[in-house]
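# Topology and contacts: notes
So you can see what is in the structure, the chains are spelled out below.
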Amino acid sequence: QKLTFEGLFMYYGGKGLSLLEATFKDNLRLLTREGEYNLLAALLADNSQIAVRVSVFSGTSKSDPMYMVKEVGNCCILYAIDRVIDFGQSLNIPQADERNRTTTRKEDYLFDQQSYNEAIYNAFIHNNWLSLNAPMITFYSDRIEITSFGELAPGQTLDGFYQGRSIPVNKELSDIFMQLHLSEKTGRGVPTIIRNYSTN
């Protein structure tokens, strides 16, 4: 219950939005009926105890050597997400494509950054935080795996999920993402990923 929110105020300020000390706990729904901090407050606090890790393996499975682990958690979850995205961007090194080259060298990135960003936001918005486990982000030599814990939101179907029907698992967290323009609740995230990576 001893939580501080300096980072949350700074994050909102960086987006051109302001929080009021007297009302932010109620407006962001950070309190239980008894007036104590809830799980959402713990996620957004400076001293959050939620560990977020990004693992990088040299091969195609976890039995291959792991040559990097990036720890970005134990802080306001908004900053942790930004750091996960920034770390992914640092790994997304452009590769020179010399095929059919005439005069200009074409550069291809290792993966589509927009799809990665959408997958990260979705994983955190729809994660079951009751377990206090953050999504797992794992880089392999041939793919990226982003694992979110829990189930589909009530009322959501697998077909609806893939079609982009937006039903957040954590509505309050989703509302905060919308306030900060981190998501739009338009349901375009999964269809964007499918468009870029579908094998069908």
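See the structure printed just above.
## Focus on helix 7 (residues 171-179)
Residues Leu-173, Ser-174, Asp-175, Ile-176 and Phe-177 constitute the buried set of helix 7. The elements touched by buried residues of helix 7 are helix 1 (6-14), helix 3 (39-44), helix 4 (77-91) and helix 5 (113-125). Two residues or fewer after helix 7 comes His-181, characterised by a positive phi angle close to 60°.

## A few points about the environment of Ile-120
By secondary structure assignment, the location of Ile-120 is in helix 5. Once the C-alpha coordinates of Ile-120 and Ile-81 are considered, the two residues, 39 residues apart in sequence, prove to be 7.4 Å apart. Setting aside chain neighbours within four positions, we find Ile-120 in contact with Ile-81, Val-84, Ile-85, Ile-137 and Ile-146.

## Details of the packing of aromatic side chains
The final tally for this structure, using the stated rule, is 11 aromatic pairs. Centroid distance Phe-9 to Phe-24: 4.9 Å. Interplanar angle 75°. Geometry classified as edge-to-face. Of the two residues, Phe-9 sits in helix 1 while Phe-24 sits in helix 2 (residues 24-27), which places them 15 residues apart along the sequence. Overall, Phe-9 belongs to the partly exposed group, its relative accessible area being 23%. Relative to Phe-139, the ring of Tyr-116 lies with its centre 5.9 Å away and its plane at 45°, an arrangement referred to as tilted. Taken as a pair, Tyr-116 in helix 5 and Phe-139 in strand 5 (residues 136-139) lie far apart in primary sequence, 23 residues in all.

## Brief notes about the side chain of Glu-118
Along the chain, Glu-118 falls in helix 5. Accessibility expressed as a relative area gives 16% for Glu-118, which makes it buried. For Glu-118, the contacting residues outside a window of four places in its chain are Arg-188, Gly-189 and Ile-193.

## Brief notes about the nonpolar core
Counting residues in hydrophobic clusters, the biggest one holds 45 residues, and the most contacted among them are Phe-5, Leu-8, Leu-44, Ile-77 and Leu-78. Broken down by element, this core gets its largest block of residues, eight residues, from helix 4.

## Details of the environment of Lys-62
Mapping Lys-62 onto the fold places it in the loop between strand 1 (53-57) and strand 2 (66-71). As a C-alpha pair, Lys-62 and Arg-188 span 126 residues in sequence and 31 Å in three-dimensional space. Setting aside anything within four residues of it in sequence, one finds Lys-62 in contact with Phe-57, Met-136, Thr-138 and Tyr-140.

Reading the values: the criteria
Residues numbered from 1 in each chain as written. Predicted model: local features only at pLDDT ≥ 70, side-chain atom pairs only at ≥ 80, totals over all residues. Heavy atoms only, no water. Buried < 20%, exposed > 50% of the residue type's maximum accessible area, 1.4 Å probe, protein only. Helix = DSSP H or I, 4+ residues; strand = E, 2+ residues; numbered from the N terminus. Contact = heavy atoms within 4.5 Å. Phe/Tyr/Trp six-rings, centres within 6.5 Å; stacked < 30°, edge-to-face > 60°. Core = buried A, V, L, I, M, F, W, Y, C linked by side-chain atoms within 4.5 Å.

Functional significance is not addressed by these values, which are geometric in nature.
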